[in-house]
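Spelled out, the chains give:
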Amino acid sequence: MREIRLTSLEKIEASDGEVRILANSGDLALVFPRALWQQALAETPSPTEPSVAELQELETLKRHLKEHGGTQSFATVLEDVPCGEGETGEQLDLVLRPAGMFAATTGYLFLPVVSSEHVTRLGASMEGETFVEQAYIIGAVAESQALAAGDESVKVLSIRGKKCSSSRFELAPELWQVLSEKLGWKNVEPVAPMDTDLRKEG
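Presented here is a report on the structure given in the accompanying data block. (Residues numbered from 1 in each chain as written. Predicted model: local features only at pLDDT ≥ 70, side-chain atom pairs only at ≥ 80, totals over all residues. Heavy atoms only, no water.)

1. Observations concerning the sheet that holds strand E3 (residues 28–33)
Sheets are built from strands paired through backbone hydrogen bonds, the pairs being either parallel or antiparallel. Read from one edge to the other, the open sheet built from 3 strands follows the order E1-E2-E3, with strand pairing classed as antiparallel. Looking at strand neighbours, the two that pair on one side only are strand E1 (9–15) and E3, the edges of this open sheet. Across the sheet, the axes of successive neighbouring strands diverge by a mean angle of 15 degrees, strand direction being ignored. (Pairing = 2+ DSSP bridges. Helix = DSSP H or I, 4+ residues; strand = E, 2+ residues; numbered from the N terminus. Axes fitted to C-alpha atoms, helices over the stretch in contact; angles between N-to-C directions.)

2. Description of the environment of leucine 122
The residue leucine 122 is located in helix H3 (residues 116–127) in this model. Along the backbone, leucine 122 and cysteine 83 are 39 residues apart, and their C-alpha atoms lie at a distance of 8.1 Å.

3. What to know about unusual backbone geometry
Here serine 73, not a glycine, exhibits a phi torsion of approximately 55 degrees, which is positive. As for its placement among the helices and strands, serine 73 is situated in the loop between helix H2 (52–71) and strand E4 (76–83). The backbone phi angle of aspartate 80 is positive, close to 50 degrees, even though this residue is not glycine.

4. A few points about the packing of H2 against helix H5 (residues 173–181)
At a minimum axis separation of 10 Å, H2 and H5 run at an interaxial angle of 120 degrees. Classified by the angle between their axes, H2 and H5 sit oblique to one another. Handedness of the H2/H5 crossing: right-handed. Only Glu174, Leu175, Gln177, Val178 and Leu179 of H5 make contact with H2, whose side of the interface consists of Leu61, His64, Leu65 and His68. (Parallel < 35°, antiparallel > 145°, perpendicular 65-115°, else oblique. Left-handed = near helix turned anticlockwise from the far one by under 90°. Contact = heavy atoms within 4.5 Å.)

5. What about the sheet that holds strand E9 (residues 163–164)?
Strand order across the open sheet formed by 7 strands is E4-E5-E6-E7-E8-E9-E10, with mixed pairing between neighbours. At either margin of the open sheet sits one strand with a lone partner, and together these are E4 and strand E10 (189–190). Sitting on the sheet, H5 is in contact with strand E5 (90–97), strand E6 (106–114), strand E7 (134–142) and strand E8 (154–158), with an inclination near 50 degrees to E6.

6. Considering the pattern of salt bridges
This structure, assessed with the given rule, holds 5 salt bridges. A salt bridge links arginine 160 to glutamate 54; the shortest N-O distance between them is 2.8 Å. Of this pair, arginine 160 sits in the loop between E8 and E9 while glutamate 54 sits in helix H2, placing them 106 residues apart in sequence. Judged by its relative accessible area of 13%, glutamate 54 is buried. For lysine 66, the salt bridge identified is with glutamate 79, shortest N-O distance 2.8 Å. Here lysine 66 is found in helix H2, whereas its partner glutamate 79 is found in strand E4, with 13 residues between them in sequence. (Salt bridge = Lys/Arg side-chain N within 4 Å of Asp/Glu carboxyl O. Buried < 20%, exposed > 50% of the residue type's maximum accessible area, 1.4 Å probe, protein only.)

Geometric values such as these leave the question of function open.
Structure, rendered in structure tokens:
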């Protein structure tokens, strides 16, 4: 194996389906087919600490969801709502229920970083929950295991990467409305759920 150490990075160019990296004072040019470049980026671990911008977008989403419930005359707009009972009980930051007979009551928990442990704990709380029908854990960042652990009762949404444990068509209508109209999201990237047997082992 031949190893070339990069000592400087001059320029990154993207054209004609390729990405060219000029390095080492222009003495070295690395040329990636675009598909290979995107694969390398996808496999590169991202830092788990959220950026200031991601935290601000999380706070903005929380504020707009609450405001949306008020301006649209939702039947329920509550903050700091207990979920579940006893030791497994969690507290939801926001609970919304639109007006209408068949509307669902949705709880929201906002966190800087969402882990699979958060999903497990909220899932346990939802098992004995009678008021809230579905819940979302929304993070500035969500670990890949957390996104894969989402299910019908607890869904996970990540500001970073605009990823979700479900497609945008399965999101609570008020959540997608705020994401698209207030935050300018065009779509969410759905993440396939983890195999049930693997989830039990973890």
